[in-house]
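A structural walkthrough
The residues making up each chain are set out below.
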Amino acid sequence: MVDFTLTDEQKALRELAHDFAEKEIRPVAWEYDKDGTWPQDIIDKAWEVGLMNVHAPEEYGGPGLSYLDGCLIEEELAWGCSGIATSIGANGLAAAPVHLGGSEEVKKEYFTDLIENKALASFCLTEPDAGSDVSGMRTRAVRKGDKYVLNGSKCFITNGTYANWYTVYAKTDPDAGHRGISAFLVRRDDTVTVDKKEDKLGQRASNTATITFNDTEVDAKYLLGEENKGFKLAMMTLDRTRPGVAAMATGIARAAFEFATEYSKERVQFGVPIAMHQAIQFMIADMATKVHLARLATWNSAVLLDQGRRNTLESSHAKRFAADAAMEITTDAVQIYGGYGFIKEYPVEKLMRDAKIMQIYEGTSQIQRLVIARETLLPRRIEEQATATA
Ligand code: CAA
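This one's a predicted model, so the numbers in the text were calculated from it and none came from an experiment.

**Considering the overall build of the protein**
Check the secondary structure of the protein and you find eleven helices and ten strands. For 390 residues, the compact-globule estimate of 2.2 N^0.38 gives 21 Å, and the C-alpha radius of gyration of the protein, at 21 Å, lies within 12% of that figure. The principal-axis extent of the C-alpha atoms belonging to the protein is close to 80 × 45 × 40 Å. For the protein, with 390 residues in total, the buried portion stands at 53%. In the protein, the share of contacts with a sequence separation of at least 24, taken over all contacts with a separation of at least 6, comes to 74%.

**Things to note about the site of the ligand**
Around the ligand, the structure places 30 residues, and the nearest of them are T158, H178, R179, E362 and R374. The separation between an oxygen atom of the ligand and a polar side-chain atom of H178 is 2.6 Å. The contact in question runs from an oxygen atom of the ligand to an N or O atom on the backbone of G363, over 2.9 Å. In isolation the ligand has 1100 Å² of accessible area, and contact with the protein removes 83% of it. Elements with a minimum of two residues in the shell around the ligand: β3 (147–158), α6 (230–266), α10 (365–377) and α11 (379–389). Ranked by residues supplied to the shell around the ligand, first place goes to α6 with seven residues. When its residues are assigned to classes, the shell around the ligand shows 13 nonpolar, nine polar and eight charged.

**With respect to the state of the cysteines**
A full pass over the atoms with the stated rule returns zero disulfides. Just so you know, C124 is unpaired, no disulfide at all, and the nearest cysteine sulfur is the one on C155, 10 Å from it. For C124, a relative accessible area of 0% gives the class buried.

**Some details on the packing of aromatic side chains**
Taken as a whole and assessed by the stated rule, the structure comprises 13 aromatic pairs. Here W165 and Y222 contribute two aromatic rings whose centre-to-centre distance is 6.4 Å and whose plane-to-plane angle is 55°, an arrangement assigned as tilted. A residue pair is termed long-range when its members are at least 10 positions apart, and W165 in strand β4 (residues 165–171) and Y222 in the loop between β7 (208–219) and β8 (223–224) qualify at 57 residues. Take W165 and Y222: they sit in the same class, and that class is buried. In this structure an aromatic cluster arises from ring pairing among Y60, Y110, F111, W165 and Y222. Lying across the ring of W47, K118 places its NZ or CZ 5.2 Å from the centre. The ring of W30 has K350 lying over it, and the distance from NZ or CZ to the ring centre is 5.2 Å.

**Digging into the nonpolar core**
Among the nonpolar cores identified, the biggest contains 60 residues, and I25, L77, I88 and I336 are the most heavily contacted of them. Of all elements in the fold, only α1 (8–35), α2 (40–49), α3 (67–80), α4 (82–101), α6, α7 (278–306), α8 (312–337) and α9 (348–358) reach the threshold of two or more residues within this core. Inspection of this core shows a minimum of three residues originating in each of domain 1 (8–116) and domain 3 (232–384). Look past the residues within four positions of I25 in its chain and what remains in contact with it is F20, I42, L77, G80, C81, I84 and I88. Counting 47 residues, the second largest nonpolar core, distinct from the first, contains L93, A95, L114 and V134.

**Regarding a nonpolar patch on the surface**
A surface patch of nonpolar side chains, about 340 Å² in accessible area, is lined by Y340, F342 and I343. Position of I343 among the secondary structure elements: in the loop between α8 and α9. A relative accessible area of 38% places I343 in the partly exposed class.

**Looking at the pairing of β3**
Pairing of strand β2 (residues 140–144) with β3 involves five bridges; the strand directions are antiparallel. By the bridge assignment for β3, V142 is matched with V149. As consecutive antiparallel partners, β2 and β3 are separated by two residues, and within that stretch G145 has a phi angle of approximately 65°, a positive value. As paired strands, β3 and β7 are joined by nine bridges and run antiparallel to one another. Counterpart to Y148 in the pairing with β7 is V218.

**Details of α9**
α9 sits mainly inside the fold: eight of its eleven residues count as buried. Inspection of α9 places V348, E349, K350, L351, R353, D354, A355 and M358 among the buried residues, and these make up the whole buried set. Elements in contact with the buried residues of α9: α1, α4, α6 and α8.

**Here's the deal with the environment of A255**
Its location among the elements puts A255 in helix α6. The spacing of A255 and L377 is 122 residues in sequence and 36 Å in space, taken between C-alpha atoms. Residue contacts for A255: discarding those within four places in its chain leaves R26, W79 and L351.

**Structural notes on the domain arrangement of the protein**
For the protein, the domain assignment lists domain 1 (8–116), domain 2 (121–228) and domain 3 (232–384). Taking the mean C-alpha position of each, domain 2 and domain 3 sit 29 Å from one another. Counting from both sides, the interface comprises eleven residues of domain 2 and, opposite them, twelve residues of domain 3. For the pair domain 2 and domain 3, the summed buried area comes to about 880 Å², and 68% of that belongs to carbon and sulfur atoms. At the boundary of domain 2 and domain 3, one finds zero salt bridges. Taken together, domain 2 and domain 3 are joined by three residue pairs in polar contact (both at pLDDT 80 or more). Looking at the side of domain 2 that touches domain 3, its residues break down into seven nonpolar, three polar and one charged.

Definitions and cut-offs
Residues numbered from 1 in each chain as written. Predicted model: local features only at pLDDT ≥ 70, side-chain atom pairs only at ≥ 80, totals over all residues. Heavy atoms only, no water. Helix = DSSP H or I, 4+ residues; strand = E, 2+ residues; numbered from the N terminus. Rg over C-alpha atoms; globule rule 2.2 N^0.38 Å. Buried < 20%, exposed > 50% of the residue type's maximum accessible area, 1.4 Å probe, protein only. Contact = heavy atoms within 4.5 Å. Near = heavy atom within 4 Å. Polar contact = N/O pair within 3.5 Å; in protein donor to acceptor, adjacent residues only side chain to side chain. Areas by Shrake-Rupley, 256 points an atom, 1.4 Å probe, with all protein chains shown as cover. Nonpolar A, V, L, I, M, F, W, Y, C, P; charged D, E, K, R; others polar. Disulfide = S-S within 2.5 Å. Phe/Tyr/Trp six-rings, centres within 6.5 Å; stacked < 30°, edge-to-face > 60°. Lys NZ or Arg CZ within 6 Å of the ring centre and 35° of its normal. Core = buried A, V, L, I, M, F, W, Y, C linked by side-chain atoms within 4.5 Å. Domains from an automatic or database assignment. Patch = residues over 30% accessible without salt bridge, like charges linked within 9 Å, V, L, I, M, F, W, Y side chains within 5 Å. Salt bridge = Lys/Arg side-chain N within 4 Å of Asp/Glu carboxyl O. Pairing = 2+ DSSP bridges. Buried area = accessible area lost by both parts, 1.4 Å probe.

Okay, structure coming up:
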């Protein structure tokens, strides 16, 4: 049976996230965007009301919420401001590989720090010369006794400036391509430097930095999963987190759709509200359909995970469709506002700027299409992968 009816608990969770977005995020979102203000005060409040680390397992003191629950929260927070939502949610991306590959001891230490001490964590995969092509990374990890020594730079790292922990991918066998990458959990110390905070087009309240590891020593117990199996860990992580990005894209799209709908009922041209013109009605109708389908694809990709099933294809469908929909809807919202849409005094230009990153981070829309094409054209290979990673 296919049934997307939310339980009472899920409705209450969505309401909690919506109230938080409405009262704590929306009122400051445009101001924080203007100045690129780091939203520590809002992160603190999100932590206090239980909207952070939502997938942290119950055995380590977390709420252990489902992937669908997480998507409900992310859509609402991003409806408030996707930059602030990204800052609140980034721990989840960094935590997924720890959850998948960390020992009990490491998970306890890590999740306890996130949950009890409000620690922040960043996911460090991308490098200046290795974005879509993950296996092109150059960061090295060399084993020395019971430690690994890390050297290299990671760029576009969300929350990088403020993180206490980094989930870092590095080459342990540089000649082995994707089969020579390992993942490590790294606690910040003096050998970790923040080289650059990016000044961005959108999501300006989120922090994006370059992080360099300079002879950073990591105890071997912080190796996540097996040595040289880090690439798969990264891919499995992205399968788990792309539904959340799709949910955020849906939240941005919904916000733009709501603003445009309200504006079209108020703005009078040719003697009637512009909502009376079919040209505008069709734009509104297309927006409504895209928000609806983005949410359905997102929930579908999350529910598969909650059922313990592989969701690589559905996760890419959701991320690709929702991100592209957010870009289209926010662009159309600016169009509906006309000249006012182009002006910062009105809300929709920020949403258009924020939507752009949805088509880029956690795998560009082109990479999602690549995954979709491979999964569609080579299903046998995919079945083999599913068996290998089950
Ligand atoms: N689950 C498990 N295993 C998987 C997998 C999955 N979803 N996808 C691939 N694999 C396995 C394959 O089975 C294969 O295994 P073998 O070694 O046994 O052969 C191996 O991984 C290599 O797979 P591919 O041949 O498909 O690898 P590829 O080099 O062609 O790359 C890719 C595939 C889809 C392009 C991948 O590199 C990719 O997703 N790139 C985008 C990276 C990305 O999303 N970066 C975002 C960074 S995070 C971020 O943006 C957040 C932030 O903070 C800003």
